[in-house]
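Architecture at a glance
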Amino acid sequence: MKRYLFISLGAMIGALLRFFISFATVSGTSPFFMGTLIVNMSGAFVAGVLLRKFHDREGHMRDFLITGLLGSFTTFSMLTYEQYLLLSYGEYFIFLIYLGVNMVGGFCLALMGWKAGGMGR
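Now for a description of the structure that goes with this document. Small disclaimer: the values here were computed from a predicted structure and weren't measured.

In this structure the tally under the stated criterion is three aromatic pairs. Between Phe19 and Phe20, the aromatic rings sit 5.5 Å apart at their centres with planes inclined by 65 degrees, giving edge-to-face as the arrangement. Between Phe19 and Phe23, the ring centres sit 6.2 Å apart and the planes meet at 20 degrees, which makes this aromatic pair stacked. Placement of the pair is Phe19 and Phe23 together in helix H1 (residues 2–24), with a separation of four residues, close to one helical turn. Taking relative accessible area as the criterion, Phe23 reaches 62% and is therefore assigned exposed. By way of ring pairs, the aromatic residues Phe19, Phe20 and Phe23 are connected into one cluster.

A separate point is a nonpolar patch on the surface. On the surface, a cluster of nonpolar side chains totalling about 660 Å² of accessible area is made up of Leu9, Met12, Leu16, Phe19, Phe20 and Phe23. Its location among the elements puts Met12 in helix H1.

This part covers the side chain of Arg18. Checked against the element boundaries, Arg18 lands in helix H1. The buried charged residue Arg18 lacks any salt bridge, with Glu82 as its nearest oppositely charged partner at 4.7 Å. Within the local environment of Arg18, its side chain forms a polar contact with the side chain of Thr36, the two groups lying 2.8 Å apart. Beyond its immediate stretch of four places on either side in the chain, Arg18 contacts Gly35, Thr36, Val39, Ser72, Phe73, Thr75 and Met78.

Conventions adopted
- Residues numbered from 1 in each chain as written.
- Predicted model: local features only at pLDDT ≥ 70, side-chain atom pairs only at ≥ 80, totals over all residues.
- Heavy atoms only, no water.
- Phe/Tyr/Trp six-rings, centres within 6.5 Å; stacked < 30°, edge-to-face > 60°.
- Helix = DSSP H or I, 4+ residues; strand = E, 2+ residues; numbered from the N terminus.
- Buried < 20%, exposed > 50% of the residue type's maximum accessible area, 1.4 Å probe, protein only.
- Patch = residues over 30% accessible without salt bridge, like charges linked within 9 Å, V, L, I, M, F, W, Y side chains within 5 Å.
- Areas by Shrake-Rupley, 256 points an atom, 1.4 Å probe, with all protein chains shown as cover.
- Salt bridge = Lys/Arg side-chain N within 4 Å of Asp/Glu carboxyl O.
- Lys, Arg positive; Asp, Glu negative; His and termini not counted.
- Polar contact = N/O pair within 3.5 Å; in protein donor to acceptor, adjacent residues only side chain to side chain.
- Contact = heavy atoms within 4.5 Å.

Right under this line is the structure:
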């Protein structure tokens, strides 16, 4: 039961952080959805760091940070909705750039986080 409590608390904090970042980055002039991009890229990096730090370890802190906080902080569902919006507006080139930046950028930042998480060992 304690595990579920840690995950739930992390999820609540992650969702609120995601909401505040999205709210702070709302701009009608940007072709990208900056809030989603910021949370996905920073979340990918932090996930890499934490996955390296908690590699082969279980525990409440891992559940809280990775499953709870980062699980609700980053958002694949919002990314897919924003991609749908870009396609429905006929913004095909921006759609491809946005998809590429999120997927390739997220992977690269997760890898960088993994490497950074192993420093000092």
